[in-house]
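Results of the structural survey
Each chain, written out:
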Amino acid sequence: MYMTDDPSRPVATSPDSDFTLSIDEALEQYARAGLPRTPRSIQRYCAKGHLDCRRMETAFGEKYMISPTSIAKHIAYIEEVRPVATRRDEPRHAATPVAHEESHDEQRQDGPTSPDVSRLVATEYVQQLEKRLEEKDGFIVFLRTEVAVKNDQIKDLTERARETNHLIAGLQKMLTPLLGRPSDAPSDSAQRG
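Notes on the structure follow. Note that the structure is a prediction, hence the values are computed from the model and not measured. (Residues numbered from 1 in each chain as written. Predicted model: local features only at pLDDT ≥ 70, side-chain atom pairs only at ≥ 80, totals over all residues. Heavy atoms only, no water.)

Examining the nonpolar core
The biggest cluster of nonpolar side chains holds 16 residues, and the ones touching the most others in it are Tyr30, Ile42, Leu51, Ile66 and Ile71. Of all the elements in the fold, those that place two or more residues in this core are helix H1 (23-32), helix H2 (39-47), strand S2 (61-66) and helix H3 (68-85). Among the elements that take part in this core, H1 stands out by supplying 4 residues, more than any other. (Core = buried A, V, L, I, M, F, W, Y, C linked by side-chain atoms within 4.5 Å. Buried < 20%, exposed > 50% of the residue type's maximum accessible area, 1.4 Å probe, protein only. Helix = DSSP H or I, 4+ residues; strand = E, 2+ residues; numbered from the N terminus.)

Written out as structure tokens, the structure reads:
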């Protein structure tokens, strides 16, 4: 599968053997060039067509296989654009006339606080999730104790109902000789005669 969404632009075909690098291997090449990237950045480069790649089906889903020459070209491009975007004698807004996507990525990724800010936000989010999990665990413990209490109450009520039934049965046995049998009732004797 070739990475283009525009059917009007023909894609030069390359043999599958040209696509030999996984995202992790591409990360190593960027790191060796002094341009460390995240796996998500490499995926974005592939999706946007900045890297020549193919999406392959695997047992665990899809993954990108990337051409080593396209990585080399992309690294060369970034190194060519990077001095303009990171020149110390010019403010960053003066160094942004480069219209390509990577220059924006470079500014955002090379900024001194962007990795720290995202890590801080992620850490705070994880802490919030852990706090909510602890609250929910506490609530689950509370509900389990309540269920145990209710089960004990139901057990006690069932036992009382059984005792009540035994007492009523005993009373019926005691009262039956005194009140007579239902067959001895006057309405039954009138019907027989």
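Here's the deal with the environment of Phe19
By the secondary structure assignment, Phe19 is in the segment before H1. Residues Phe19 and Pro68, 49 residues apart in the sequence, show an inter-C-alpha distance of 7.2 Å.

Describing the packing of aromatic side chains
Given two aromatic rings, one states the distance between the centres and the angle between the planes to describe the pair. Tallied over the entire structure, the rule returns 2 aromatic pairs. With centroids separated by 6.2 Å and ring planes inclined at 35 degrees, the aromatic side chains of Tyr30 and Tyr45 adopt a geometry described as tilted. Note that Tyr30 is positioned in helix H1 and Tyr45 in helix H2, a separation of 15 residues in sequence. Across the pair, Tyr45 and Tyr30 agree in class, each one buried. (Phe/Tyr/Trp six-rings, centres within 6.5 Å; stacked < 30°, edge-to-face > 60°.)

What about a nonpolar patch on the surface?
Among the surface-exposed residues, Leu171, Met174, Leu175, Leu178 and Leu179 lie close enough to one another that they form a single nonpolar patch of about 590 Å² accessible area. Checked against the element boundaries, Leu175 lands in helix H5 (residues 114-179). The exposure class of Leu175 is partly exposed, given its relative accessible area of 40%. (Patch = residues over 30% accessible without salt bridge, like charges linked within 9 Å, V, L, I, M, F, W, Y side chains within 5 Å. Areas by Shrake-Rupley, 256 points an atom, 1.4 Å probe, with all protein chains shown as cover. Salt bridge = Lys/Arg side-chain N within 4 Å of Asp/Glu carboxyl O.)

Details of H1
Taken together, the buried positions of H1 are occupied by Ile23, Ala26, Leu27 and Tyr30. Viewed end-on, H1 has its buried residues packed into an arc of 105 degrees, placing them on one side of the element. Relative to its buried face, H1 has exposed residues pointing more than 90 degrees away, namely Asp24 and Arg32. Downstream of H1 by one or two residues, Gly34 has phi in the positive range, about 80 degrees. (Arc of directions from axis to C-beta.)

Observations concerning the pairing of S2
Sheet topology places strand S1 (residues 53-58) next to S2; 6 bridges connect them, and they run antiparallel. What sits directly across from Arg54, in S2, is Met65. Here S1 folds back onto S2, and the loop between the two strands holds 2 residues. (Pairing = 2+ DSSP bridges.)

A word on H2
Taken as a whole, H2 has its buried residues at Ser41, Ile42, Arg44, Tyr45 and Cys46. Just downstream of H2, Gly49 is the residue with a positive phi angle, here 85 degrees.

Here we look at the pattern of salt bridges
Two side chains with opposite charge may pair up if their charged atoms get near one another. All chains considered together, the criterion is met by 3 salt bridges. We note a salt bridge from Glu62 to Arg55, for which the minimum N-O separation is 3.4 Å. Among the salt bridges present, the one from Glu159 reaches Arg162, with a minimum N-O distance of 2.9 Å. With Glu159 and Arg162 both in helix H5, this residue pair falls 3 residues apart, about one helical turn. Classification of Glu159 by relative accessible area gives partly exposed; the value is 36%. A relative accessible area of 43% means that Arg162 is categorised as partly exposed.

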